[in-house]
Amino acid sequence: MAAGKLPGERRLRNRPLAEQIALAVLAVVGAAWAVAALIDTPVFFQPVLFGLGTGAIVAALALGLVVAYRASGVINFGHGAIATYVTYVYVSLTDTGDYPIPPLPNPLAPIEGIGGIELVDFPTMVGMGGPMHPALAMTVALSTAAVLGLIAHYAIFRPLRYAPVLAKVVASVGIMLFLQAAVVLRFGSRAKSADPIFPNDPVDFLGVRVGQDRFWLLGTVAVGTLALWLLFRYTRFGIATRASAENERFSTLLGFNADFQAGVSWVLASVLAGLVGILVAPITGVTPNLFTVLLISSLGAALLGRMSSFVIAAAAGLMLGVLDQELFRLEFEFAWIPDIGIRRALPFVVIALAMVVRGETLPSRGAVQAERLPEAYAPPITRGRMVGYGLLAAIAFWVTVFAPFQFRSGMQNTLIGVILALSLVVVTGYVGQISLMQMALAGVAAFAVGSFGTSAGLPMLLTLPLAVLSGLGFGLIAALPSLRTRGASLAIITLASGLAIEEIFFQRSGWFGLGRTTKEAPTPEIAGIEFGTTSEFVWGDGKIPTGVFGLFLLALAIGCCVSVMRLRRSRLGEQMLAVRANERAAAAAGVNVAAIKLSAFGIASFFAALGGALTAYKLGTYAQDSFGIFVSLSVLAFAYLGGISTVGGAIMAGTLFAEGIGIVVTNEWFIDVGPYTAYVAGFFLIATAVYNNEGIDGFQRRQLVALWNRLRGRRRSAPDKPPAGVGASNE
Amino acid sequence: MSNPSAPDAVLRTEHLVVQFGGLRAVNDVSLECSRGQLTGLIGPNGAGKTTFIDAVTGFLPDNASGSVALEGVEVFGRSPHRLSHDGLTRTWQTLELFDDISVRSNLEIARERLSLVGALADFFRPRRRDARVDEILELLGLEDFAAHEPRELSQGQRKLVGVGRALASASSKILLLDEPAAGLDKSETAWFGEQLRGLVDEGHTLLLVDHDMGLVLNVCDQIHMLVFGELVASGSPAEMRSDPKVIAAYLGHSGGSA
């Protein structure tokens, strides 16, 4: 074993020099600011007092993240969504006394759908007899949180104990999508509030007038931090959990039940999340996205605390909140500071700093072993298979051109979805690097289409490459921190990069932005021939969208699929898989790991940007909401669901894609799944991560292989002689 | 290949030190591996053998210092993949094979360095089968398993895949084998030793790290011994057999190690 992994090397106190310097710089900046605050108290203090409110939420969420990580090595992207869900339960209970039932599948739905009748009215809420007392409501809501924690542990993360990090990240993203969709389905996406819990009479503090509830919140977070620190430092439970995090096998041998500890910690983390939400709801109000957006800052804070220190995580969280308000004030006060959303990019900057300073990886747990990654299956090229591909292309052609208009539209969404999913097949499937920013890159390409195409009036043959290059450039820059990180840290950094791009560029209108409604793409046209969604076309029924743009998409999608298939078989593709399997060994075998990662991010950015540019041309008029951070997450969800490591999986993902052909067919022929798409996708994403990490594509491939073997076995009585050595594997 | 009558040093380390916090895992080690020879590096558990290999192959850039010369060229400080291209190839005690791809691909990856142009050319016109890979597979008796994934092979065969991958490196000048016999039983170890001898007879230069004294004494031409990071003895197998320091380290007269 390399001595670099001696236990002592990992401990908190043995921080590398660079990290100590970074912390020292932070302390100096803080001190300088404090001096300035003493000179001109109210001006400097106001942002602090305002910022401490947000900071307390960020800190509290960070505490929960650390608890869950210490117990089970999972960075829970669904932590914010748990807070949201529990908060809505609480708000609903105090408001009307209704307890929401998560949307359940109606077993009669197929019959109802085909028959066009409604047999039963499925309940959505259970009345609890009018508005509930806050204390009682809080008990019920926090019990819900505890149950969510138990489910998260026993149904999701315990089965994933030895799974690759990718599966854990994907499962927690699934939790986020699922719970958020549940909230939107039950309560809509409008903001809600609740009656105050803390006294909120304003007080004067150093010449600033603020609601005193902030101080209460702050105090609660401080007490919570202290309690957690004591719990994990001095109790038998805490010490055992720490021991398990260091070395699970060893602590199990010593008689600790690592599994039970993890379960308790998950409950603790969920209840913490719920408590944060309930306490915050009266102060800021709550929207379905609120805590998930704040969670990105919390992830940064927790990372600064190395996912293990409660005190540092909480302090960093508070500081992020203050810094945010301080930057806001500076932007407001000094006109020369460009209004480019610097403060919005703050979480990214902090996370990037934490990564670059800390380098390498998170403290990796000494888990027993990692299960294998989804197989990057490269189908043998046979004549039968080529006929199959040809048939598939022919069907796609027919649907694209001749099917009724809603199917044609679904097909266009699917074709773009395939290209977007391919970007994740390359970077995540082949190289194992998790990217949660692909739609941000797509958005960059999309606004470039509007800027170069419409504003500058360039022809498409220039606009499209320029747009793709813009996305590619952003992707490569954002990929730089990835060279020193991997696994869950990389997921966080890409999430933060995506958010930074979104906040800095997408909110604004004009050349470098998308705006809320403003962006327009020109009609695609090459050599005087128009082929937009509304352009006339000789085939089809003439309704919009006509088939011609779909054909353009089909040609590109087929080209992309063939390219990725060839990539898989090429030397570059093999080196990518080597990096995915084992970075150290790849380097020792002469593979330039950094170059391979960068090229993968480059190729993936290319596909993402192409998908974004095509989305722009398809939509014609578009805005930021098509390219937000949550769209990125659902792209990952669909790609994983389809099969993250194969081209077939990408095609499957495109079919399932939002308003893709699969969804259209389901809507037209069976039931309207529209509003439930995210909810169902979240559910199946979790299920896929836990039970079948190869997605739909791998699943059906195995079924087909099994069927084929059975048929063949029946035909030939004597099976082929099994290759020697098979079955004689180790252990 | 080389002229066997003039054994020159393929690999030479001078004053190699690896420091982890307060612990000196490798302390001022200077040694040589001669061309066409099988050099052994032995020592009890925790002696710093693997750390030595990690340092030589560039995996401990922040902890190591000293000098590493490959055929007289100073290579210390280069990155692992660069060193691999330069001809310094290694295996791992824990195998570290690429489990998702075939045995053949495991070897092919080590064959050539991939440039941007090369990657593009290969994308549009895929390479042909590499004859050298077939040779190595045959040499190691793995030709029947080329299309299998490493996980389908026996432990001994997997070890050979690791050796094969290191051998496949187009420019391999010396092969550093980190406890290749760990986990093999007596007869497998003996057989494995024969394979190694075969490689040396073919003209390869090897450094074998192991704590199995039997294997090392039987197959090596020259042996060095590390104890607590320090080079305490060097010599031929016969000399080592009778060296009191070696006997002390292995029989525990100088105090046991963890």
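This report concerns the structure included in the present document.

## Some words on the overall build of chain B
Looking only at helices and strands, chain B features 10 helices and 10 strands. Against the compact-globule benchmark of 18 Å for 258 residues, chain B has a radius of gyration of 18 Å, which places it among compact chains. When the backbone C-alpha atoms are referred to their principal axes, chain B occupies close to 60 × 40 × 40 Å. Counting only residues that meet the buried cut, chain B has 55% of its 258 residues in that class. Long-range pairs, those at least 24 residues apart, make up 69% of the contacts in chain B with a sequence separation of at least 6. If you average the places of the 24 positive and of the 36 negative side-chain charges in chain B, the two averages end up 4 Å apart.

## Examining the packing of aromatic side chains
Scanning the model with the defined rule gives 21 aromatic pairs over all chains in all. Seen in terms of ring centroids, Phe178 of chain A and Tyr679 of chain A are 4.5 Å apart; in terms of plane orientation they differ by 20 degrees. Their pairing is stacked. One end of the pair, Phe178 of chain A, is in helix α7 (residues 165–187); the other, Tyr679 of chain A, is in helix α27 (residues 677–691), and 501 residues separate them in sequence. According to the relative accessible area criterion, Tyr679 of chain A is buried, its value standing at 8%. An angle of 85 degrees between the planes, with centres 5.5 Å apart, marks the rings of Phe683 of chain A and Phe684 of chain A as edge-to-face. The exposure class assigned to Phe683 of chain A is partly exposed, which follows from its relative accessible area of 46%. Grouped by ring-pair contacts, the aromatic residues Phe178, Tyr679, Phe683 and Phe684 of chain A constitute a single cluster. When the ring centre of Trp92 of chain B is taken as origin, the NZ or CZ atom of Arg90 of chain B, which lies over that ring, is 3.7 Å away. Positioned above the aromatic ring of Phe98 of chain B, the side-chain terminus of Arg165 of chain B is 4.6 Å from the ring centre.

## Here's the deal with a nonpolar patch on the surface
Residues and elements named next belong to chain A. On the surface, Leu226, Trp229, Leu230, Tyr234 and Val311 cluster together into a nonpolar patch covering about 500 Å² of accessible area. Looking at which element gives the most residues to the nonpolar patch, the answer is helix α8 (residues 213–234), with 4 residues. Within the fold, Leu230 resides in helix α8. The exposure class of Leu230 is partly exposed, given its relative accessible area of 37%.

## Observations concerning the nonpolar core
Ranked by internal contacts, the top residues of the largest apolar core, which has 249 residues, are Phe77, Phe157, Leu422, Tyr430 and Met576 of chain A together with Leu208 of chain B. The greatest single-element share of this core, amounting to 15 residues, is contributed by α7 of chain A. Those residues within four positions of Leu422 of chain A in sequence are excluded, and the remaining contacts are Cys560, Cys561, Val564, Phe607, Val647 and Ala650 of chain A. Grouped together as the second largest cluster of nonpolar side chains are 28 residues, Val18, Val26, Phe52 and Val209 of chain B included.

## Notes on the environment of Glu326 of chain A
Turning to its location among the elements, Glu326 of chain A is positioned in helix α13 (residues 310–333). In the structure, Glu326 of chain A is positioned 279 residues away from Pro47 of chain A in sequence and 5.5 Å away in space, judged by C-alpha atoms.

## Notes on the pattern of salt bridges
When their charged atoms lie close together, side chains carrying opposite charge are able to pair. Following the criterion strictly, the structure yields 23 salt bridges over all chains and no others. A salt bridge links Glu583 of chain A to Lys597 of chain A; the nearest nitrogen and oxygen atoms lie 3.3 Å apart. Here Lys597 of chain A lies in helix α23 (residues 593–619) and Glu583 of chain A lies in helix α22 (residues 583–588), a separation of 14 residues in the sequence. Like Glu583 of chain A, the residue Lys597 of chain A is buried in the burial classification. In this structure, the salt-bridge partner of Glu71 of chain B is Lys173 of chain B, at a minimum N-O distance of 3.8 Å. Of this pair, Glu71 of chain B sits in the loop between β4 (64–70) and β5 (73–74) while Lys173 of chain B sits in the loop between α6 (155–168) and β7 (174–178); the two residues are 102 residues apart in sequence, bridging distant segments of the chain. Accessibility expressed as a relative area gives 33% for Lys173 of chain B, which makes it partly exposed. One connected set of salt bridges, linked through shared partners, spans Glu375, Glu694, Asp697, Arg701 and Arg702 of chain A.

## A look at the sheet that holds β5 of chain B
Residue and element names in this part refer to chain B. Read across the open sheet, the 4 strands follow the order β2-β1-β4-β5; overall the sheet is antiparallel. Edge positions in the sheet fall to β2 (23–34) and β5, since each has one partner strand and no second. When β4 meets β5, the two strands line up antiparallel, connected through 2 bridges. Bridging across to β5, Ala69 finds its partner in Glu74. Packing of helix α1 (residues 49–56) onto the sheet brings it into contact with β1 (9–20), β2 and β4, and relative to β1 it is tilted by some 110 degrees.

## Side note on unusual backbone geometry
All names here are of chain B. Positive phi values are uncommon outside glycine, yet Asp28 reaches one of about 55 degrees. Of note, Asp28 is situated in strand β2. One non-glycine residue, Glu179, adopts positive backbone phi at about 40 degrees. Examined against the element boundaries, Glu179 turns out to sit in the loop between β7 and α7 (186–201).

## Examining the interface of chain B and chain A
Counting residues at the interface gives 43 residues for chain B and 40 residues for chain A. When chain B packs against chain A, the two sides together hide about 3,500 Å² of surface, and 55% of this comes from carbon and sulfur. In this structure, the connection of chain B to chain A is made through 2 salt bridges. Salt-bridge contacts for Arg571 of chain A lead to Asp122 of chain B; the nearest nitrogen and oxygen are separated by 3.8 Å.

Cut-off values and rules
Residues numbered from 1 in each chain as written. Chains lettered and ligands numbered in written order. Predicted model: local features only at pLDDT ≥ 70, side-chain atom pairs only at ≥ 80, totals over all residues. Heavy atoms only, no water. Helix = DSSP H or I, 4+ residues; strand = E, 2+ residues; numbered from the N terminus. Rg over C-alpha atoms; globule rule 2.2 N^0.38 Å. Buried < 20%, exposed > 50% of the residue type's maximum accessible area, 1.4 Å probe, protein only. Contact = heavy atoms within 4.5 Å. Lys, Arg positive; Asp, Glu negative; His and termini not counted. Charge placed at Lys NZ, Arg CZ, Asp CG, Glu CD. Phe/Tyr/Trp six-rings, centres within 6.5 Å; stacked < 30°, edge-to-face > 60°. Lys NZ or Arg CZ within 6 Å of the ring centre and 35° of its normal. Patch = residues over 30% accessible without salt bridge, like charges linked within 9 Å, V, L, I, M, F, W, Y side chains within 5 Å. Areas by Shrake-Rupley, 256 points an atom, 1.4 Å probe, with all protein chains shown as cover. Salt bridge = Lys/Arg side-chain N within 4 Å of Asp/Glu carboxyl O. Core = buried A, V, L, I, M, F, W, Y, C linked by side-chain atoms within 4.5 Å. Pairing = 2+ DSSP bridges. Axes fitted to C-alpha atoms, helices over the stretch in contact; angles between N-to-C directions. Buried area = accessible area lost by both parts, 1.4 Å probe.

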